[in-house]
Amino acid sequence: MSTLGLMMGVVPRVSNPSSLTPIFDTAVYAQESFTDQAVTAEEITKYAFSVLQIENLRIGVYREIQNEFQKQTPGGSVPPIICNQKSSVNTLPQNVKVIAVSYCNQAKKIIEGNDLTVSRFNRITMTQKTDPTLREKIQAELIRIQEETGN
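Residues numbered from 1 in each chain as written. Predicted model: local features only at pLDDT ≥ 70, side-chain atom pairs only at ≥ 80, totals over all residues. Heavy atoms only, no water.

> Sorry, what's going on with the environment of Asn114 here?
Within the secondary structure, Asn114 sits in the loop between α3 (94-113) and α4 (118-130). Asn114 gets classed as buried once you look at its relative accessible area, which sits at 15%. Taking the C-alpha atoms as reference points, Asn114 and Phe49, 65 residues apart in sequence, are found 7.2 Å from one another. Beyond its immediate chain neighbours, meaning those up to four positions away, Asn114 contacts Lys46, Phe49, Ser50 and Gln53. (Helix = DSSP H or I, 4+ residues; strand = E, 2+ residues; numbered from the N terminus. Buried < 20%, exposed > 50% of the residue type's maximum accessible area, 1.4 Å probe, protein only. Contact = heavy atoms within 4.5 Å.)

The following block contains the structure:
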């Protein structure tokens, strides 16, 4: 599976999963040290809103990058792209690099617009990978938001 990520963590499953292969492993690992803190219900809601908005953005960007790669290399696949790993972005063709950097910047704005820091978003992402209770709470919140908004 190729990923194009901001390293903002994996996007947890949503009730309407995309048939597209994820190209963003949405996780933006901050360089600062981070003390583990319990994830509050409010943070779960902010996280879930961020995940849904980033996923909507990711789907469109994936298609755009996939189209660019098909023009250059028919049948070729999109390589893993992780925003905080410069080498994964710097090796891209210039037109694709512009798209990827724009995605990374937009995803960061989404997180911050939902009143989370990127480092906290990433910490929640990392924690939910090993904490099934947190993962279940996030899944329940994703479903609740989607049902509430009709998405």
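So that's the structure; there's more coming.
> Looking at this model, I keep getting lost on the confidence of the model for the protein chain. Mind explaining?
Low-pLDDT stretches of the model should not have their predicted coordinates read in fine detail. For the protein chain, the average pLDDT comes to 78, and 75% of its residues sit at 70 or higher. Averaged pLDDT values for the elements of the protein chain fall to 46 in strand β1 (residues 4-5) and rise to 93 in helix α5 (residues 132-149). Confidence drops under a pLDDT of 50 for residues 1-24, and excluding neighbours within four residues, the segment shows 114 contacts in the predicted structure. Note on residues 26-35: pLDDT under 50 across the span, and 34 contacts to partners over four residues away in sequence or across chains. (pLDDT = per-residue confidence, 0-100.)

> Please clarify how the packing of helix α1 (residues 41-72) against α5 should be interpreted in this entry.
When two helices pack together, their arrangement is given by the angle between their axes and by how far apart the axes lie. Remark: α1 packs on α5, axes separated minimally by 9 Å, with the N-to-C direction vectors making an angle of 65 degrees. Classified by chirality, the crossing of α5 by α1 is right-handed. Contact with α1, carried on its side by Ile44, Thr45, Tyr47, Ala48, Phe49, Val51 and Leu52, involves Leu134, Lys137, Ile138, Glu141, Leu142, Arg144, Ile145 and Gln146 of α5 and no other residues of that element. For the contact of α1 with α5, the residue count by class is ten nonpolar, two polar and three charged. (Axes fitted to C-alpha atoms, helices over the stretch in contact; angles between N-to-C directions. Left-handed = near helix turned anticlockwise from the far one by under 90°. Nonpolar A, V, L, I, M, F, W, Y, C, P; charged D, E, K, R; others polar.)

> Quick question: what am I supposed to make of α3 here?
Helical periodicity: at 3.6 residues per turn, an α-helix aligns residues three or four positions apart in one direction. For α3, spanning 20 residues, the distance from its first C-alpha to its last is 28 Å, which sits close to the expected 28 Å at 1.5 Å a residue. The set of residues buried in α3 consists of Val96, Lys97, Ile99, Ala100, Tyr103, Cys104, Ala107, Ile110 and Ile111. The buried residues of α3 occupy an angular sector of 165 degrees when projected down its axis, which confines them to one face. Looking at α3, the residues exposed on the side facing more than 90 degrees away from the buried face are Gln94, Lys109 and Gly113. (Expected span 1.5 Å × (residues − 1). Arc of directions from axis to C-beta.)

> Any chance you could explain the pattern of salt bridges here in plain terms?
Pairing between side chains of opposite charge can happen when the charged atoms of each approach one another. Summed over the entire model, instances satisfying the criterion amount to eight salt bridges. For Lys46, the salt bridge goes to Glu42, with nearest N and O atoms at 3.1 Å. Here Lys46 pairs with Glu42, and both are found in helix α1, just four residues apart, close to one helical turn. Taking relative accessible area as the criterion, Glu42 reaches 52% and is therefore assigned exposed. Its salt-bridge partner being Glu43, residue Arg120 comes within 2.7 Å of it at the nearest N-O pair. Taken together, the positions of Arg120 in helix α4 and Glu43 in helix α1 put the pair 77 residues apart, joining distant regions of the chain. Neither Arg120 nor Glu43 differs from the other in exposure class; each is buried. Beyond isolated ion pairs, a larger network of salt bridges with shared partners links Glu42, Lys46 and Asp115. (Salt bridge = Lys/Arg side-chain N within 4 Å of Asp/Glu carboxyl O.)

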